[in-house]
Structure formats: structure tokens, C-alpha cells
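So the chains spell out like this:
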Amino acid sequence: MENKLPTIEIIEKYCKGCYICVEFCPKQVLEIKGFVVSVKNLEACIKCMQCELRCPDFAIKVTA
Amino acid sequence: MAFDYDKYLRPNKLPHIWCPGCGHGIVMKGLIRAIDTCGLKKEDTAIVSGIGCASRLPGYLDFCTLHTAHGRAAAFATGVKMARPEMNVILVGGDGDGTAIGGNHFIHACRRNINMTYIIMNNKIYGMTGGQFSPATPTGDKASTTVYGNPDPAFDIAKLAIGAGATFVARGTAFHANQIDKLIAEAIQHKGFSVVEILDDCPTTYGRRNKFKSVIEMMNHLKETTVPVKAAEKMSPEQLKGKVLTGVLYKEEKPEYTEEYAKVIQRAQAAK
Ligand SMILES: Cc1ncc(C[n+]2csc(CCOP(=O)(O)OP(=O)(O)O)c2C)c(N)n1
Ligand code: SF4
Ligand code: SF4
Ligand code: SF4
């Protein structure tokens, strides 16, 4: 159970592509594709929730 | 575990109007978490604002809300609190709304020590109207109305609040997102007029003019230019040069206005 991957939900219609979650993710899990964020490396996620905490737009949710 | 913001938000209002990277959304999330921590009920809580980008905040929250006239949040909020002292009253707004046109209402709400919580999102500029300088714009900075640099010194909003008589004053930043809810929760729990200044970013009208290349640079600037008040105790004046203190800056117990006013009513009725 320990190593179970989290679910990262992105609400694309809320995301404004501001880069905050991308830049403050300590593990480079996220990237901007087109105008919105997308997950590029889920395996690296340490479930620190920084992305969810800092997103000004309620656009990213991490469920461990 | 993902925090459930949805139960505090009005349905179908998102996405909000704020620009990409605007810190107002980070502050709004902090306020929601603080309300959750304090267990405030929707029907017992009024959220009141003036006008500005920051003042759009109450429109997204599923509480009793009032979006009033520019600078007048404190006046309307005082009316709510006097009529219904049992209600939790929270004011939100920008530095322009609160310290320029609303400066007089602000200082007198502080002086009265009426039990309300005021969250000022200080992005150092009038965002909504296109970047005019505000009383919180630092000397030398550029705004649409100070293209050659601002000649005015800025207000220190937290100090202004303390000087005017607020009995709880704290300062946080949009970078320190995980502290915003804790400061606001403590402010809500304090009996008296509480001011929480959040140093915020406006990438659109302040950042670009003042040579910030990105939202991330603005966020990092908030990190680099602030020091928690506890850490500052162990630092030398040289180390503290150019730094702004964060955390709970002032706390005092004093008679609260609605309680004092209730006594006036009692005295007046006894005198009949
Ligand atoms: C009586 C009145 N004067 C001026 C305005 C124009 N106005 C709207 S918002 C604003 C300033 C907002 O700045 P601030 O409170 O710092 O909030 P921000 O937009 O930066 O979040 C001004 C001057 C107004 N709406 N009403
Ligand atoms: S939870 Fe942490 S590690 Fe995972 S994506 Fe978000 S910021 Fe990155
Ligand atoms: S922080 Fe939020 S709005 Fe900004 S890019 Fe990430 S998900 Fe999108
Ligand atoms: S203009 Fe500035 S304060 Fe207004 S929403 Fe845009 S970034 Fe935020």
C-alpha cells in the first residue's frame, strides 16, 4: 500500500497555466502542455500537496 | 488528502476572474481553510468587501456576503455587526480599497476594536483599474500613474493598524500559502478588531512594470524579502535590513465595541 501512486486530478477549465504548481513541485511531476497543466511523471510524485496548496485556481487536486 | 473547498464555494462561479498567478486565489483558499478550522457556519458568517479585484472574493463564497462601495467594507460590516453582534463578520479587500479611499473607515474600525476580522490583500497597486499607485506602493516603484517612479513613501499597513488600535495584527504572504489559514484562524478567534495583511502579487499591473519576469519571480521575492517575527528576534539589524516581518505582530485584550455598546443601551434603559 505504501507505494501506491496518488491520483492527480486536473480541472482543465479552471487551470490558467500560471506555472506555480509546475515550478514549486519539488519532483518535476508537472508540465504545461498548450495552455494548461498536465502530469508528465506521476511515478516521481511524493504527495507533498504543494501543487494543490499553491494553485490559485482550484485546478489541481492530489489524492494520496 | 485533497481539501474539500467545493462545499464552501458557490456552484458554477469558477473559474474566477483573477489573472493567471494572481495571489488573491491563494488567499481565498487560505480563508476557506481558516473558516473550516474555526467551524464557522454559513448562515452565521458575513463576508463583506468594497471594490477591486480583491474585493470580488465574497462573490465566490457560499456565505452571507456583501459586495459594497469602494473603500466602504468597514462601514457596511460595522452595520452588520451592530445589528447582529452574534455573527462572524469577515472583511476582505485590497490595499487601495482599504488604505486609500477606505483609509478613514479602516482606522476607525481599528480604534473601536469591534470584533471583526479584516483581511487586506496588499499587492501594492490598484489592480482592477489598470495599475495606478496606491498608498502601499513602495517609493521608487512604477505604476501607470508614477511612470518615472513613485515619490511617495508607502504605508506599513500592519503598523498603521496597530497604531490605530487594532488588537490583533498579523502579516503573511501569498508565497507562504500554508500559513495564511493559520493566521486568519487566529484572527477570527481573537475577540476584537483583527487585521491580517497578506503581501500579495499582481503580475499583470505591478509585476510587469516593476521588472518581474514571471509570477514565480514575484513569489520568490515574497519569500526572500520576509522574515518570521520569531526568527527576526535572533537576527542583527544588518541581517534584517530590507526585510518585512511576518507572523502575529501584535495581540492585546481590550474592551470590545458591541459589548460596550450593549452596556450603553442598558444604562440608557435604566435611566428612563
Ligand atoms: C468611488 C470609486 N472610486 C474609484 C473607483 C475605481 N476603482 C475600482 S477598483 C479600484 C482600486 C482597487 O485596488 P485595490 O483595492 O488595491 O484592489 P486590487 O484591484 O489591486 O485587488 C478603484 C480605484 C470606484 N469603483 N469607486
Ligand atoms: S503532490 Fe508534490 S510531488 Fe506530487 S505533483 Fe504535487 S507538488 Fe509535485
Ligand atoms: S497552479 Fe493551478 S492554475 Fe496554475 S498551472 Fe497549476 S493547476 Fe494551473
Ligand atoms: S489585475 Fe492584478 S490584482 Fe487584478 S486579477 Fe489581475 S493580477 Fe490580480
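Look up: the structure comes first, before these words.
The shown structure was predicted, so the numbers you read here are calculated from the model rather than taken from an experiment. (Residues numbered from 1 in each chain as written. Chains lettered and ligands numbered in written order. Predicted model: local features only at pLDDT ≥ 70, side-chain atom pairs only at ≥ 80, totals over all residues. Heavy atoms only, no water.)

1. Describing the interface of chain A and chain B
Then, number 1: On the side of chain B, 28 residues touch chain A, which itself brings 19 residues to the contact.
Then, number 2: Summed over both partners, the interface of chain A with chain B comes to about 2,000 Å²; 67% of that surface belongs to carbon and sulfur atoms.
Then, number 3: For chain A, the biggest contributors to the area lost against chain B are Lys 16, Leu 53 and Phe 58 of chain A; these three give 34% of the whole.
Then, number 4: Taken together, the connections running from chain A to chain B amount to one salt bridge.
Then, number 5: Applying the counting criterion to the chain A and chain B interface returns eleven residue pairs in polar contact (both at pLDDT 80 or more).
Then, number 6: Only helix H1 (20–24), helix H2 (50–54) and strand E4 (60–63) of chain A provide two or more residues apiece to the side of chain A that touches chain B. (Contact = heavy atoms within 4.5 Å. Buried area = accessible area lost by both parts, 1.4 Å probe. Salt bridge = Lys/Arg side-chain N within 4 Å of Asp/Glu carboxyl O. Polar contact = N/O pair within 3.5 Å; in protein donor to acceptor, adjacent residues only side chain to side chain. Helix = DSSP H or I, 4+ residues; strand = E, 2+ residues; numbered from the N terminus.)

2. Details of the site of ligand 2
Then, number 1: The environment of ligand 2 is formed by Ile 8, Cys 25, Pro 26, Val 29, Cys 45, Ile 46, Lys 47, Cys 48, Met 49, Gln 50 and Cys 51 of chain A.
Then, number 2: Looking at the shell around ligand 2 residue by residue, the class counts come to nine nonpolar, one polar and one charged. (Near = heavy atom within 4 Å. Nonpolar A, V, L, I, M, F, W, Y, C, P; charged D, E, K, R; others polar.)

3. Structural notes on the packing of helix H4 (residues 103–112) of chain B against helix H5 (residues 157–164) of chain B
Residue and element names in this part refer to chain B.
Then, number 1: Remark: H4 packs on H5, axes separated minimally by 7 Å, with the N-to-C direction vectors making an angle of 50 degrees. Relative to H5, H4 is oriented oblique. Contacts from Phe 106, Ile 107, Cys 110 and Arg 111 of H4 reach H5 at Ile 157, Leu 160, Ala 161 and Ala 164.
Then, number 2: Of the residues belonging to the contact of H4 with H5, the class tally is seven nonpolar, no polar and one charged. (Axes fitted to C-alpha atoms, helices over the stretch in contact; angles between N-to-C directions. Parallel < 35°, antiparallel > 145°, perpendicular 65-115°, else oblique.)

4. Digging into the side chain of Asn 113 of chain B
Residue and element names in this part refer to chain B.
Then, number 1: Tracing the backbone through its elements, the reader meets Asn 113 in the loop between H4 and strand E4 (117–122).
Then, number 2: For Asn 113, a relative accessible area of 2% puts it in the buried group.
Then, number 3: With near-sequence residues (within four places) excluded, Asn 113 lies in contact with Thr 167, Gly 192, Phe 193, Lys 254, Pro 255, Glu 256 and Tyr 257. (Buried < 20%, exposed > 50% of the residue type's maximum accessible area, 1.4 Å probe, protein only.)

5. Looking at a nonpolar patch on the surface
All names here are of chain B.
Then, number 1: On the surface, a nonpolar cluster with roughly 230 Å² of combined accessible area is contributed by Ile 17, Ile 51 and Met 128.
Then, number 2: Secondary-structure assignment places Ile 51 in the loop between strand E1 (45–49) and strand E2 (64–67).
Then, number 3: On the basis of relative accessibility, which here comes to 33%, the residue Ile 51 falls in the partly exposed class. (Patch = residues over 30% accessible without salt bridge, like charges linked within 9 Å, V, L, I, M, F, W, Y side chains within 5 Å. Areas by Shrake-Rupley, 256 points an atom, 1.4 Å probe, with all protein chains shown as cover.)

6. Here we look at the sheet that holds strand E8 (residues 194–199) of chain B
Residues and elements named next belong to chain B.
Then, number 1: The mixed open sheet is built from eight strands, whose spatial order is E2-E1-E3-E4-E8-E7-E10-E9. The open sheet has two edge strands with one neighbour each: E2 and strand E9 (226–228). Taken pair by pair, the neighbouring strands of this sheet meet at an average axis angle of 20 degrees, ignoring direction.
Then, number 2: In this structure, strand E7 (residues 168–173) lies alongside strand E10 (residues 244–251), joined through four bridges in antiparallel fashion. Note that in E10 the partner of Phe 168 across the bridge is Lys 251. (Pairing = 2+ DSSP bridges.)

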